[in-house]
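Survey of secondary and tertiary structure
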Amino acid sequence: MGRLRRLALVAALGPLLGCSAPPGPRLFVTNERSGDLSVIDLRSNRLLATVPLGKRPRGIRLSPDRTTLYVALSGSPFAPPGVDEKSLPPPDRSADGIGVVDVRRMKLARMIPAGTDPEQLAVSRDGQRLFIANEDAATASVLDLGGGRVVASVPVGGEPEGVEVRPDGAVVYVTSEEDGQVFAIDTARPAVLGKIDVDPRPRGIAFLPDGSRAYVTCENGGSIVVIDAQKHARVGAIKPAGESVRPMGIAISPDGRYAYVTTGRGRMVVVIDTNTDQPVASIEVGARPWGIAVSADGRTLYTANGPSNDVSIVDVAARAVTTRVRVGDSPWGVALVP
């Protein structure tokens, strides 16, 4: 049996046998409709395992020590744009929470209650707290991981989604889709420091490594709004050209030079030069890309493509997809474990 086949077999059987997965770079992908987590071995670009999670896994984050993944799970029913909410079944609040996944064993260890309808989340710099967007409650919950309980609930705008901690750990930003605003929250108190008006339906947030600026994707605005992350003030907006551009997910290169933005129905990743705040390239990656991650060396991008149930692996220098990996139903978020 070849080495790659042995590695894949060990990874697949490991959780069943109580063994740990082999070390190495892996990509973890949340699948919203199938309720599970796909694990991709990035040495072979093959699916290693599928981990059952629960209902509607979306946002996913890695702990600072890289041993644990936190996944937002929600019992709220699917509600595509334009659907009559009165026709939907009632939410299953027993399914709401944060799934805690052991990275090495590739296994769901437990679920922590964290308010209703969690969608996205971010981890504090010390790994002790989670900051969670509770979509239907218009709040941001602060979860103490040591005690396993919510210690604060901060009112924000309607339909909060994107959550990101500034690199210095002092501030967390939360987007409000309904209000078209970003809420800046003091992580220590916690309390709202200010509100920043952006463009319609803000989704994702990413900070430059030095914390000087934040970039906010605005789906219905077709734009990426640039924020002075020290003054919490809007300083500009970038509007990529192209048909059906709907900015969704965003990742910053490790050196801070580029921002990579998925465009949903636009099928593209737009590359933005952060020195000029201008688009410099577009890469077609697949059907409605959403979640995105960049490798530690900045050479590779990974996008979750919901309708086609796959992940695109992109060579940044060549600006081209090199591989597609089949995952679960409706992949949403991605987390890279170096």
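What counts and how
Residues numbered from 1 in each chain as written. Predicted model: local features only at pLDDT ≥ 70, side-chain atom pairs only at ≥ 80, totals over all residues. Heavy atoms only, no water. Helix = DSSP H or I, 4+ residues; strand = E, 2+ residues; numbered from the N terminus. Rg over C-alpha atoms; globule rule 2.2 N^0.38 Å. Buried < 20%, exposed > 50% of the residue type's maximum accessible area, 1.4 Å probe, protein only. Contact = heavy atoms within 4.5 Å. Salt bridge = Lys/Arg side-chain N within 4 Å of Asp/Glu carboxyl O. Core = buried A, V, L, I, M, F, W, Y, C linked by side-chain atoms within 4.5 Å. Pairing = 2+ DSSP bridges. Axes fitted to C-alpha atoms, helices over the stretch in contact; angles between N-to-C directions.

1. Structural notes on the overall build of the protein
- In terms of regular secondary structure, the protein is built from one helix and 28 strands.
- Its C-alpha atoms give the protein a radius of gyration of 19 Å, within 12% of the compact-globule value 20 Å for 338 residues.
- Considering only C-alpha atoms, the protein reaches an extent of 60 × 45 × 45 Å along its principal axes.
- In the protein, buried positions account for 57% of the 338 residues.
- Considering only contacts within the protein whose residues lie at least 6 apart along the sequence, 42% involve residues at least 24 apart.

2. Side note on the pattern of salt bridges
- Under the defined criterion, the tally for this structure stands at 22 salt bridges.
- Note that Arg 93 and Asp 136 form a salt bridge whose closest N and O atoms lie 2.3 Å from each other. On the criterion of sequence distance, the pair formed by Arg 93 in the loop between β5 (68-73) and β6 (97-102) and Asp 136 in the loop between β9 (129-134) and β10 (139-144) is long-range, its members being 43 residues apart.
- On the basis of relative accessibility, which here comes to 40%, the residue Asp 136 falls in the partly exposed class.
- Arg 201 serves as the salt-bridge partner of Glu 159, at 4.0 Å between the closest nitrogen and oxygen. Of this pair, Glu 159 sits in the loop between β11 (149-155) and β12 (160-165) while Arg 201 sits in the loop between β15 (191-197) and β16 (202-207), and the two are 42 residues apart along the sequence.
- Residue Glu 159 is classed as partly exposed on the basis of its relative accessible area, which comes to 29%.
- A cluster of three or more residues bridged by salt bridges with shared partners is formed by Glu 159, Glu 161, Glu 177, Arg 201, Arg 203 and Glu 219.

3. What about the environment of Ala 138?
- Structurally, Ala 138 is set in the loop between β9 and β10.
- Once the C-alpha coordinates of Ala 138 and Asp 36 are considered, the two residues, 102 residues apart in sequence, prove to be 26 Å apart.
- Those residues within four positions of Ala 138 in sequence are excluded, and the remaining contacts are Val 154, Pro 155, Val 156, Gly 157, Gly 158 and Pro 160.

4. Structural notes on the nonpolar core
- Of all hydrophobic cores here, the largest spans 16 residues; its most connected members are Phe 28, Leu 37, Val 39, Ile 60 and Leu 69.
- Broken down by secondary-structure element, the contributors of at least two residues to this core are β2 (36-41), β3 (46-52), β5 and β28 (331-337).
- Excluding anything up to four places from it in sequence, Phe 28 contacts Leu 37, Ser 38, Val 39, Ile 60, Leu 69, Val 103, Met 106, Gly 333, Val 334, Ala 335 and Val 337.

5. Overview of the sheet that holds β10
- Across the sheet, which stays open at both edges, the four strands sit in the order β8-β9-β10-β11 with antiparallel pairing between neighbours. Pairing within the sheet leaves two strands with one partner each, and these edge strands are β8 (118-123) and β11. The average angle at which neighbouring strand axes cross in this sheet is 25°, direction not considered.
- In the sheet, β9 pairs with β10 via six bridges, with the strands oriented antiparallel. In the strand pairing of β10, Arg 129 is matched with Asp 144.

6. Remarks on the pairing of strand β19 (residues 233-238)
- Note: strand β18 (residues 223-228) against β19, five bridges, orientation antiparallel. In the strand pairing of β19, Val 226 is matched with Gly 236.
- Turn length for the β18-β19 hairpin, with the two strands adjacent in sequence and antiparallel, is four residues, and the turn residue His 232 shows positive phi of about 55°.

7. As for the environment of Gly 266
- Along the polypeptide, Gly 266 turns up in the loop between β21 (258-262) and β22 (268-273).
- C-alpha separation for the pair Gly 266 and Pro 338, spaced 72 residues apart in sequence, amounts to 29 Å.
- Beyond its immediate chain neighbours, meaning those up to four positions away, Gly 266 contacts Glu 243, Ser 244 and Val 245.

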